[in-house]
Amino acid sequence: MQVPDEFNPQAGLAEELEPGLRRILAPNPSPMTYRGTNTYVIGTGGLAVIDPGPESEPHLAAILAAVQPGQKITHIIVTHSHLDHSPLARALAQATGAPVYAFGGPAAGRSAVMRQLAADGLAGGGEGIDTAFSPDITVGDGAFIRGDGWELEVIHTPGHLGNHIALAWNDACFTADHVMGWASSLVSPPDGDLTDFMASCRRLRQRNWRIFHPGHGAPIFDPAGRLDWLTAHRESREAAILDALLTAPASAAALARHIYTETPPALLKAAERNVFAHLVDLTGRKLAAPQGVLSATAVFEQRGG
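On a predicted model such as this, the values are computed, not experimentally measured, just so you know.

> When you look at the packing of aromatic side chains in this model, what are you seeing that I'm missing?
Ring pairs (aromatic) are described by centroid distance and by the angle formed between their planes. Within the structure shown, the criterion is met by 6 aromatic pairs. In this structure an aromatic cluster arises from ring pairing among F7, Y34 and W182. Over the ring of F197 we find R234, and its NZ or CZ is 5.4 Å from the ring centre. Taking the ring centre of Y260 as reference, the NZ or CZ of R237 above it sits at 4.0 Å.

This is the structure:
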């Protein structure tokens with residue numbers, strides 16, 4: 001669901017959000033990325049760049065231009081390896097000499113069921129995977145990335161992607177594509193896992209956050225409220241799917257057409273992937289089951305639990 005807002009900053013302009021934090025919008029607007037990818041710059045001396053963004057010479061130039069006299073990029077941190085977040089890390093590292101930090105490569109953090117779906121040949125959908133991505137330094141859940149006057153805590157938040165991380169900066173959190181204000185996050189198997197997504201939402205909800213800085217769109221000033229909305233939104237989708245399956249068995253594609261009646265045609269395939277993510281989760285919880293092998297084209301039926 002898209003939420004209209006007034007967020008429309010100028011691409012390439014380093015905008016200060018609060019002391020020690022700037023945002024640079026990448027020039028890659030699309031139905032999947034909203035106005036574009038948010039690149040964040042933390043620090044006043046030695047700088048951390050969070051999510052350099054897509055391959056883009058203008059955006060690379062904008063990031064380098066944001067480095068002021070006496071400053072230096074010392075850390076490059078990638079929240080996940082989608083094509084709109086990670087590819088520019090390579091060129092930025094070459095230009096600055098800074099190492100790239102991330103949870104791991106594109107397949108890192110996948111659940112067992114998603115590994116099986118990938119082995120069975122299911123390809124990802126949505127933003128597209130940066131298959132060549134590999135960090136210089138791997139950081140696990142609970143690790144701290146420390147720089148010149150700043151510290152970031154790594155929170156592994158699989159769901160949108162297995163290697164997805166959020167980054168805690170005091171009482172602020174860089175939530176990347178896990179929590180956004182303009183839309184609910186895409187969960188597209190085998191890269192996305194709804195069971196993991198919901199667990200990550202519950203984990204973030206346990207902490208008292210002041211603000212979320214997402215990978216796309218405006219800052220979120222009510223983090224708890226947004227997490228509650230995301231959880232309720234997913235639960236309502238689940239209820240709609242189970243209600244439809246009570247009438248008759250159906251595929252993810254048929255369910256998407258039935259449930260996402262107001263979704264633009266360009267986003268219907270993404271909606272279908274979201275429904276399949278729910279069906280995989282419901283299968284794991286024994287509330288639904290495929291008629292045959294679990295796959296994106298399978299017909300599912302409701303189970304009694």
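The structure having been displayed, the exposition proceeds.
> When you look at the environment of I241 in this model, what are you seeing that I'm missing?
Among the structural elements, I241 can be located in helix α5 (residues 223-247). The class of I241 is buried, set by a relative accessible area of 1%. For the pair I241 and A288, spaced 47 residues apart in the sequence, the C-alpha separation amounts to 9.7 Å.

> What is the right way to look at helix α7 (residues 268-284) in this model?
Side chains that are three or four residues apart share a direction in an α-helix, a result of its 3.6 residues per turn. Its 17 residues place the ends of α7 24 Å apart at the C-alpha level, agreeing with the 24 Å of an ideal helix rising 1.5 Å per residue. Across the 17 residues that make up α7, a large majority, 13, are buried. Immediately beyond the C-terminal end of α7, within one or two residues, lies K286, with a positive phi of roughly 60°.

> What am I meant to see in the nonpolar core here?
Nonpolar side chains in soluble globular proteins generally cluster together in the buried interior. In this structure, I241, L245, L255, V275, F276 and L279 are the most contacted members of the largest nonpolar core, which totals 23 residues. Within the residue set of this core, elements represented by two or more residues are α3 (112-119), α5, α6 (252-259) and α7. Among the elements that line this core, the one with the most residues is α7, at 6 residues. Sequence-distant contacts of I241, defined by excluding residues within four places in its chain, comprise L255, I259, V275, H278, L279 and L282.

> How should the packing of α5 against α7 be read in this particular structure?
Axis angle and axis distance: for two packed helices, these are the angle between their axes and the distance between the axes, and together they describe the pair. Viewed as axis vectors pointing N to C, α5 and α7 meet at an angle of 80°, and their least axial separation amounts to 10 Å. As the angle between them shows, α5 and α7 are arranged roughly perpendicular. Facing R234, R237, E238, I241, L242 and L245 of α5, the residues of α7 in contact are N274, V275, H278, L279, D281 and L282. For the contact of α5 with α7, the residue count by class is 6 nonpolar, 2 polar and 4 charged.

Conventions adopted
- Residues numbered from 1 in each chain as written.
- Predicted model: local features only at pLDDT ≥ 70, side-chain atom pairs only at ≥ 80, totals over all residues.
- Heavy atoms only, no water.
- Phe/Tyr/Trp six-rings, centres within 6.5 Å; stacked < 30°, edge-to-face > 60°.
- Lys NZ or Arg CZ within 6 Å of the ring centre and 35° of its normal.
- Helix = DSSP H or I, 4+ residues; strand = E, 2+ residues; numbered from the N terminus.
- Buried < 20%, exposed > 50% of the residue type's maximum accessible area, 1.4 Å probe, protein only.
- Expected span 1.5 Å × (residues − 1).
- Core = buried A, V, L, I, M, F, W, Y, C linked by side-chain atoms within 4.5 Å.
- Contact = heavy atoms within 4.5 Å.
- Axes fitted to C-alpha atoms, helices over the stretch in contact; angles between N-to-C directions.
- Parallel < 35°, antiparallel > 145°, perpendicular 65-115°, else oblique.
- Nonpolar A, V, L, I, M, F, W, Y, C, P; charged D, E, K, R; others polar.

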